[in-house]
Amino acid sequence: MSIFYKIFLTAWGWAGVAFTQDILLQFVLPQKNKKKILTRLEGKPFRGKSPFLKRLIRDIKAYFNGKRTDFKGYKLDMSLFTEKQKKVMDTLRHIRYGQVITYERLARRSGFPRSARFIGNTMSKNIFPLIIPCHRVIRSDGTSGGFSAGLSYKERMIKLEQCKEKIDFGSK
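This report concerns the structure included in the present document. (Residues numbered from 1 in each chain as written. Predicted model: local features only at pLDDT ≥ 70, side-chain atom pairs only at ≥ 80, totals over all residues. Heavy atoms only, no water.)

**Focus: the environment of Ile95**
Thinking step 1. With respect to the helices, strands and loops of the structure, Ile95 is situated in the loop between α3 (83-92) and β6 (99-102).
Thinking step 2. Here the alpha-carbon distance between Ile95 and Leu24, two residues 71 residues apart in the chain, equals 20 Å. (Helix = DSSP H or I, 4+ residues; strand = E, 2+ residues; numbered from the N terminus.)

In structure tokens form, the structure reads like this:
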């Protein structure tokens, strides 16, 4: 199966995706330098037409233009993750636009109580930032925590969504 990539301009800079047919393999957050995006993607440039790609790029651009966007319907290649990591990523995909959750609560909600560090480690391996919204995971004290693109980027994304609602899944 052939792997393709597409680099495109958003309101926040150049972004990129790697995909095969209708499955997303990787997403690279927007940056000012188009060459940085290219070095992080594998495959060959896509020059054809794809309803999947057209819809995905439309949704990504809409997000960076401040529009409420839901990426849950996209198929992702999760083969690089362990079963435990997949469970965390799947749980995180259900955190809605405008909400944040703590590492501790995400661990509990995923079925791994007292595994907040594991959650942080899993977030650092997320090759689908935004699509799997790891920017919505924060520390218990309300501070940002880590983020692959840097804390200021994470805070900017949270501000874009105007996150005011914290999720409390209780003690279960």
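Picking up after the structure, the text goes on.
**Some points on helix α6 (residues 151-161)**
Thinking step 1. Those residues of α6 that sit buried are Tyr153, Lys154, Met157, Ile158 and Glu161. The arc that holds every buried residue of α6, seen down its axis, measures 135°, which confines them to one face. Turned more than 90 degrees away from the buried face of α6 sit Ser152 and Lys159, all of them exposed.
Thinking step 2. For α6, the elements touching its buried residues are β3 (23-31), α2 (51-64), β6, α4 (103-110) and β7 (137-138).
Thinking step 3. Within two residues after α6, Gln162 carries a phi angle of roughly 50°, on the positive side. (Buried < 20%, exposed > 50% of the residue type's maximum accessible area, 1.4 Å probe, protein only. Arc of directions from axis to C-beta. Contact = heavy atoms within 4.5 Å.)

**Remarks on the nonpolar core**
Thinking step 1. Core analysis: the largest hydrophobic core is formed by 42 residues, its most contacted members being Phe27, Ile60 and Met123.
Thinking step 2. Residue assignment for this core shows that the elements contributing at least two residues are β2 (13-20), β3, α2, α3, α4, α5 (116-124) and α6.
Thinking step 3. Broken down by element, this core gets its largest block of residues, 7 residues, from α2.
Thinking step 4. Contacts of Ile60, omitting those with residues within four sequence positions, involve Phe8, Thr10, Val17, Phe27, Phe71, Leu130 and Ile131.
Thinking step 5. In this structure, Tyr5, Val28, Ile37 and Leu41 belong to the second largest nonpolar core, which totals 7 residues. (Core = buried A, V, L, I, M, F, W, Y, C linked by side-chain atoms within 4.5 Å.)

**Quick notes on the pairing of strand β1 (residues 4-10)**
Thinking step 1. With 7 bridges joining them, β1 and β2 adopt antiparallel strand pairing. Each bridged residue has a counterpart across the sheet, and for Phe4 the counterpart in β2 is Phe19.
Thinking step 2. Hairpin connection from β1 to β2: 2 residues lie between these consecutive antiparallel strands.
Thinking step 3. In terms of strand pairing, β1 meets strand β4 (residues 44-45) through 2 bridges, oriented parallel. Paired with Phe4 across the strands is Lys44, a residue of β4. (Pairing = 2+ DSSP bridges.)

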